[in-house]
Amino acid sequence: MATLVLPRVRSRSALPGFGFSLAFTLFYLSAIVLIPLAALIIRPWELGWNGFWAEILAPRVLHALKLSFGAAAVAAAINSVFGLIVAWVLVRYRFPFKRVVDALVDLPFALPTAVAGIALSALYASNGWIGAPLEKAGIKIAYTPYGVVVALVFIGLPFVVRTLQPVLTDLSRDSEEAAATLGATRFQTFRRVILPTLAPTLLTGTAMAFARAVGEYGSVIFIAGNLPMVSEITPLLIIIKLQEYDYAGAAAVGVVMLAVSFVFLLALNALQAWVSSRR
Amino acid sequence: MKKIAIALICGLAASAAHAADVKLLNVSYDPTRELYKDINAAFAAQYKQKTGDTVTINMSHNGSGAQSRAIIDGLDADVATLALAYDIDAVADKAKLLPKDWMKRLPQNSSPYTSTIVFLVRKGNPWKVKDWGDLVKPGIHVVTPNPKTSGGARWSYLAAWAWAEKSPGGSADKAKAFVANLYHHVPVLDTGARGATTTFAQRGIGDVLLSWENEAHLALAEAGGADKFQIVYPPSSILAEPSVAVIDKNVDRHKTRAAAEAYLKFLYTKDAQEIEAKNFYRPRDAAVLAAHASQFPNIKLYDIDDVFGGWTKAQQVHFSDGGVFDQIYKPGQ
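Analysis parameters
Residues numbered from 1 in each chain as written. Chains lettered and ligands numbered in written order. Predicted model: local features only at pLDDT ≥ 70, side-chain atom pairs only at ≥ 80, totals over all residues. Helix = DSSP H or I, 4+ residues; strand = E, 2+ residues; numbered from the N terminus. Buried ≥ 20, exposed ≤ 12 C-beta atoms within 10 Å, placed from the backbone. Contact = placed C-beta atoms within 7 Å. Axes fitted to C-alpha atoms, helices over the stretch in contact; angles between N-to-C directions. Parallel < 35°, antiparallel > 145°, perpendicular 65-115°, else oblique. Left-handed = near helix turned anticlockwise from the far one by under 90°. Nonpolar A, V, L, I, M, F, W, Y, C, P; charged D, E, K, R; others polar. Domains from an automatic or database assignment. Pairing = 2+ DSSP bridges. pLDDT = per-residue confidence, 0-100.

Colleague: So what exactly am I meant to see when it comes to the overall build of chain A here?
Modeller: The helix and strand inventory of chain A stands at 12 helices and 0 strands. Seen in sequence order, chain A has helices and strands lined up from the N terminus as α-α-α-α-α-α-α-α-α-α-α-α. By principal-axis analysis of the C-alpha atoms, chain A measures approximately 65 × 65 × 30 Å. Within chain A, the fraction of its 279 residues that count as buried is 33%. In chain A, the share of contacts with a sequence separation of at least 24, taken over all contacts with a separation of at least 6, comes to 78%.

Written out as structure tokens, the structure reads:
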């Protein structure tokens, strides 16, 4: 995740090649990121200002946006807690088959999302291994908005774990021991010593998991149920609009997703910078 | 570059063996996988015998609407064999890859086989579903894909509408209310016909699946399918005419027109009609249909032109943005 660190303008850098590498970076970013995004942003203006707003303020679109961002936020929050625990255990403890467990974390990265979606919906459907007992307890996961959260938790986990791991490895035990000798309880040590150090990285990982979850399509559509106004995610709505050859409408919704994501990531970056500066 | 290379290789092969290697891409919809596997083998053998050329047919399967959009966006289809005429109309309209009157180029509206929509229910038919009206019994769950993304689902929707409008005392208003009621019994809207079949058959969701006739038979033919499901033929349904067309601009560029046209004409031959019947598509050939009569119960099939005034109109009224289908999901209904 790009942290927004602006280069300090200096007359002369100790490192040569700034001009060339900056030019290359700008060119590369433009070709890979900016030009496709510009193409997306230009498209909805075919609708005109009023048409654009009518498109994105339609109740169905608003509901889909609420579901996509809401479910992604909940999933990212869940991942920030459990991802921290997983990363902690993987870094701090030794146990048999640790490497296997460590490799398992990456699976959601590698698995085609459709495969993940089919597997999850098979598990959580009312005749599945997890779905059947839950159904008896009166809880329905598959084909409800909760199913969306389950899929997003699955695909987001590695982002949190993999960003935290290197920082946790570097985190020296000295300060924890010092805290302990000074009479801190375990909770105090965690709350006052460990968490502040990890917070910026944890935020980065959570932001990545969130960003990934907002745009997720493949795994979600198999488990969501896809009912308009209930469990229809924004990417599916975009696909439906494309199916109607409503390219401008699809792009309008896409632009809103992009704008909200961008603002959210910017805010998280600012929060991260603020947390780091307080250390 | 790739095309030049392929052309070179083809040219070399032709000069060496005096027979061409023709590659066709057939872009089709979801449930035709099994059908075209058999058709392609039969056609390749026949074509080789007739012309000496070796023809390889590559398949692409997806939801019919998605395939139509893919062709518009540049998927190099030589022939399109889609679930409904509207999806090929869209290619003619938006990308102008074939003339607008493509439907008249082959017999029977360019649809060599027909199909219809039937009910797949759990064994023993516990909800005693017999007709469309039974699909809105309180508490019953119906599985059908989203008509916005699935061709089969559009036929299902229209079949339900046609029943409600054409049954005694029916009207367009009653049909609208019935269809809205029906979709409120749908717990999952999959994006394609195969997805819906999976939801119903593997996930155990729903009491009735509105299914392509051939998909329903396939579900029964699967291991153990006949012990778990049965097909219910409603007294009336819709005449679904999946359409086929050569994509002119693409075949002219690939120089594959002869093979592509022969391929589609082959679909009307007795051999192919037999294969289609075996795959549970209703053959156009009367003799072949008669031979498989037990497999295709003779139910009343409404014609989309008679009830809805053709695809363009049906699409605009029912499935376009803000159309009747969208109104079903307006809040407060």
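Still more to cover.
Colleague: When you look at the packing of helix α7 (residues 145-170) of chain A against helix α9 (residues 186-215) of chain A in this model, what are you seeing that I'm missing?
Modeller: Describing two packed helices takes the angle between their axes plus the distance from one axis to the other. Residue and element names in this part refer to chain A. Interhelical geometry of α7 versus α9 gives an angle of 155° and a closest axis separation of 8 Å. What the angle tells us is that α7 and α9 run roughly antiparallel. Remark: the crossing between α7 and α9 carries right-handed chirality. Where α7 approaches α9, its residues Leu152, Ile155, Gly156, Phe159, Val160, Thr163, Leu164 and Val167 are matched on the opposing element by Leu198, Thr201, Leu202, Thr204, Gly205, Thr206, Met208, Ala209, Arg212 and Ala213. Of the residues in the contact of α7 with α9, the class split is 11 nonpolar, 6 polar and 1 charged.

Colleague: Quick question: what am I supposed to make of the interface of chain B and chain A here?
Modeller: Think of interface size as the accessible area that goes away when the parts come together; that is how it is often given. Taken together, the 21 residues of chain B in the interface contact 22 residues of chain A. Elements supplying a minimum of two residues to the side of chain B that touches chain A: α3 (64-72) and α4 (85-95) of chain B. A total of 3 residues in the side of chain B that touches chain A trace back to one element, the largest contributor, which is α3 of chain B. Of the residues in the side of chain B that touches chain A, the class split is 8 nonpolar, 7 polar and 6 charged.

Colleague: What is the right way to look at the domain arrangement of chain B in this model?
Modeller: Residues and elements named next belong to chain B. Segmenting chain B into domains produces domain 1 (2-113 + 241-295) and domain 2 (117-238 + 303-328). The gap between the C-alpha centroids of domain 1 and domain 2 is 28 Å. In this assembly, 18 residues from domain 1 lie in contact with 18 residues from domain 2. Those elements that place two or more of their residues in the side of domain 1 that touches domain 2 are α3 and α4. With 4 residues, the top contributor of residues to the side of domain 1 that touches domain 2 is α4. The class makeup of the residues in the side of domain 1 that touches domain 2 is 10 nonpolar, 4 polar and 4 charged.

Colleague: I'm lost on the sheet that holds strand β5 (residues 117-122) of chain B in this one. Help?
Modeller: Working definition: the strands of a sheet are paired by backbone hydrogen bonds and lie parallel or antiparallel to each other. All names here are of chain B. The strand order β6-β7-β5-β8 describes an open sheet built from 4 strands, whose pairing is mixed. Bordering the open sheet on either side are β6 (142-143) and β8 (229-232), each of which pairs with just one other strand. Pairing of β5 with strand β7 (residues 208-212), which is carried by 5 bridges, proceeds in the antiparallel orientation. Bridging across to β7, Phe119 finds its partner in Leu210. Against the sheet, helix α8 (residues 193-201) engages β5, β6 and β7, with an angle of about 150° to β7.

Colleague: Could you clarify how one ought to interpret the environment of His217 of chain B in this entry?
Modeller: Residue and element names in this part refer to chain B. Its location among the elements puts His217 in helix α9 (residues 213-221). Given 18 C-beta atoms within a 10 Å radius, His217 is considered partly exposed. Along the primary structure His217 and Val307 are separated by 90 residues, whereas in three dimensions their C-alpha atoms are 27 Å apart.

Colleague: I tried to follow the confidence of the model for chain B on my own but got confused; where do I start?
Modeller: Caution applies to low-pLDDT parts of the model: their predicted coordinates are not meant to be read in detail. All names here are of chain B. For chain B, per-residue confidence averages 90 on the pLDDT scale, and residues scoring 70 or more make up 93% of the total. Confidence drops under a pLDDT of 50 for residues 10-17, and excluding neighbours within four residues, the segment shows 5 contacts in the predicted structure. This complex was scored by the predictor with a pTM of 0.80 and an ipTM of 0.72.

Colleague: What exactly am I supposed to notice about the pairing of β5 of chain B here?
Modeller: Within a regular strand, side chains alternate between the sheet's two faces. All names here are of chain B. The element β5 is largely enclosed, with a buried count of 5 among its 6 residues. By the bridge criterion, 4 bridges tie β5 to β8 in an arrangement that is antiparallel. Its bridge partner lying in β8, Phe119 is registered against Val232.

Colleague: Mind showing me how you'd approach the sheet that holds strand β1 (residues 21-29) of chain B here?
Modeller: All names here are of chain B. The 4 strands lie next to each other as β2-β1-β3-β10, forming an open sheet whose pairing is mixed. At either margin of the open sheet sits one strand with a lone partner, and together these are β2 (54-62) and β10 (243-246). The average undirected angle you get between the axes of adjacent strands in this sheet is 20°. Sheet topology places β1 next to strand β3 (residues 79-82); 3 bridges connect them, and they run parallel. Residue pairing across strands places Ser28 opposite Thr81, the latter belonging to β3. Against the sheet, helix α2 (residues 33-51) contacts β1 and β2, and its axis sits at roughly 165° relative to β2.

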